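Residue-level structural notes
Given next are the chains, with one letter for each unit.
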Amino acid sequence: MKVADIFRSKRVISFEIYPPKRVDSESEINCIAENLKKFSPDFISVTCGAGGKGDGNKTIEIASAIKHVHGIESVVHLPGANLAKRDVLGILGELRDHGIENIMALRGDIDPGNPPKGEFRYASELISFIKGNGDFNILAGCYPEGHVESASIIEDIRNLKIKVDAGVDQLVTQLFFDNEYFYSFRERAAIAGINVPIAAGIMPVVNKKQVERIVRLCGVSLPKKYLSILDRYGDNPVAMRDAGIAYAVDQIVDLIAHGVDGIHLYILNNTYVASRICEAIDSLLAA
Ligand code: FAD
């Protein structure tokens, strides 16, 4: 099923997972999928390293198992920077063979040690190419605080409009800790004529090191309230975990009250955290 059909009918709840590094990744994925299934997610998306095709194969296998073995709709992430057009044609063929209809089409982060192929300079070019070569539902990323490489949020929203016009069906935001960024981004998007559903990406950050890494990589800001939590509980793993979960729940409650189209939970394969959050918001999703 294309996730567009789900977004049309309800507020969507989805999870993002990554291919486990361990050798017995199949049993780990089975365990993750069965734990998440209890919360009837609308879809699970599976990330893919921007490095190339090897990781992509694992992504497709996992997404296929989520859909066909566990009965949950799946989305395959496809970063294009290091792929040639013929690689993408091959991947689209594989997706068709696996009955996968949903792609999160991305540029991918640029690794200075592995220069991009240059055939897909931006996600928009990949999206046009996919649209011209198959009938897929396309999701894409967006950045409430602006993408780190963008000179300004205005330039970023112009580029986002180009991307959406290339054929995006839904947007999913990068994580953010201050909902006000999301609300003003949603307004800017509407003014720019971007009318596709926008799911809010929420990451329950449950340890101090994770927060520091995320802030460094994604350039997201931490509100005062979050800094106080880090200050108070950062060195107490259990308290920090519980505070991180509570903070994410608080964000989600507010987003739902503000009519968000969907919540996309970056769970980093941690089903305990996902369960705690889903239990807390269960009655709100239907309300
Ligand atoms: P783009 O939309 O191409 O934007 C990249 C930059 O180029 C932006 O600064 C934009 O303003 C600018 N730009 C865009 N179009 C133009 C244009 N026409 N002219 C000039 N400038 C332009 N990475 C992975 O490697 N694997 C994953 O699985 C993965 N999953 C993700 C899931 C989500 C929901 C999100 C939000 C991000 C994910 N990422 C993933 C990270 C993503 O690849 C990076 O954030 C990357 O730096 C940008 O990707 P993009 O698709 O948003 O790029």
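The coordinates are above.
A brief report on the enclosed structure follows.

Criteria and cut-off values
- For every chain, the first residue of the written sequence is number 1, and numbering continues from 1 onward in sequence order.
- The predicted nature of this model means local features are confined to residues of pLDDT at least 70 and side-chain atom pairs, given and counted, to a pLDDT of 80 or more, with totals for whole chains, interfaces and linings taken over all residues.
- Side-chain descriptors were evaluated using all non-hydrogen atoms of the structure, hydrogens and water having been removed beforehand.
- Strands here mean DSSP runs of E at least two residues long; helices mean DSSP runs of H or I at least four residues long; both are numbered from the N terminus.
- Values of the radius of gyration come from C-alpha atoms, whereas the globule rule sets the reference at 2.2 Å times the count of residues to the power 0.38.
- Each residue's exposure class comes from its accessible area (1.4 Å probe, protein chains only) as a fraction of the maximum for that residue type: buried when under 20%, exposed when over 50%, partly exposed otherwise.
- Working definition of accessibility: Shrake-Rupley area with a 1.4 Å probe, residue cover restricted to the visible protein chains.
- The positive count covers Lys and Arg only, the negative count covers Asp and Glu only, and His and the chain ends enter neither.
- All charge positions are set by atom: Lys at NZ, Arg at CZ, Asp at CG, Glu at CD.
- At least two bridges found by DSSP between two strands is the condition for calling them paired.
- Inter-axis angles, ranging from 0 to 180 degrees, are taken between N-to-C directions of lines fitted to C-alpha atoms, where helices are fitted over the stretch in contact.
- Here a residue-residue contact requires only that any non-hydrogen atoms of the pair lie within 4.5 Å.
- The cutoff for a nearby residue is simple: one of its non-hydrogen atoms must lie within 4 Å of the molecule or strand.
- Pairing of N or O atoms within 3.5 Å defines a polar contact, subject to two protein rules: one partner must be a possible hydrogen donor and the other a possible acceptor, and residues neighboring in sequence count only if both atoms are side-chain atoms.
- Under the scheme applied here, ten amino acids are nonpolar (Ala, Val, Leu, Ile, Met, Phe, Trp, Tyr, Cys and Pro), four are charged (Asp, Glu, Lys and Arg), and all others, including Gly, are polar.
- By convention a crossover is right-handed if, when the strands point away from the viewer, the path from the first strand over the helix to the second runs clockwise.

Let's talk about the overall build of the protein
Each helix and strand in the protein was counted, giving 11 helices and eight strands. Over its C-alpha atoms the protein spans a radius of gyration of 18 Å, differing by no more than 12% from the 19 Å that the globule rule assigns to 287 residues. Counting only C-alpha atoms and orienting by the principal axes, one finds that the protein spans roughly 50 × 45 × 45 Å. The proportion of buried residues among the 287 residues of the protein is 51%. Accessible surface, the protein as shown: approximately 13200 Å² in total, 52% of it carbon and sulfur. Computed over 32 positive and 37 negative side-chain charges, the inter-centroid distance for the protein is 1 Å.

A closer look at the sheet that holds strand β6 (residues 170–173)
Read around the closed barrel, eight strands run β1-β2-β3-β4-β5-β6-β7-β8, paired in parallel fashion. Neighbour-to-neighbour, the strand axes of this sheet turn through a mean angle of 25°, independent of strand direction. Sheet topology places strand β4 (residues 102–106) next to strand β5 (residues 137–142); three bridges connect them, and they run parallel. When the sheet's bridge partners are listed, Asn-102 is paired in β5 with Asn-137. Of the strands in this sheet, β3 (74–79), β4 and β5 touch helix α5 (residues 123–132), which is tilted by about 150° from β4. Docked against the sheet, helix α6 (residues 153–165) engages β5 and β6, running at close to 170° with respect to β5.

Brief notes about the site of the ligand
In the vicinity of the ligand lie 22 residues, with Cys-48, Asp-109, Tyr-143, Asp-156 and Lys-163 positioned nearest. Here Tyr-143 contributes a side-chain N or O atom positioned 2.7 Å from an oxygen atom of the ligand. One of the side-chain N or O atoms of Asp-156 is found 2.8 Å from an oxygen atom in the ligand. Residue assignment for the shell around the ligand shows that the elements contributing at least two residues are β3 and α6. Considering each element in turn, the shell around the ligand owes the most residues, three residues, to α6. Class assignment for the residues of the shell around the ligand results in nine nonpolar, eight polar and five charged.

Notes on the pairing of strand β2 (residues 43–46)
Along β2, one buried face is formed by Phe-43 and Ser-45 and the opposite face, lined by Ile-44 and Val-46, is buried too. Judged from the four bridges that link them, strand β1 (residues 12–17) and β2 form a sheet pairing that is parallel. Counterpart to Glu-16 in the pairing with β2 is Ser-45. Where the polypeptide runs from β1 across helix α2 (residues 25–37) and back to β2, its parallel neighbour, the crossover connection is right-handed. In the sheet, β2 pairs with β3 via three bridges, with the strands oriented parallel. Across the sheet, Ser-45 pairs through a bridge with Val-75, a residue of β3.

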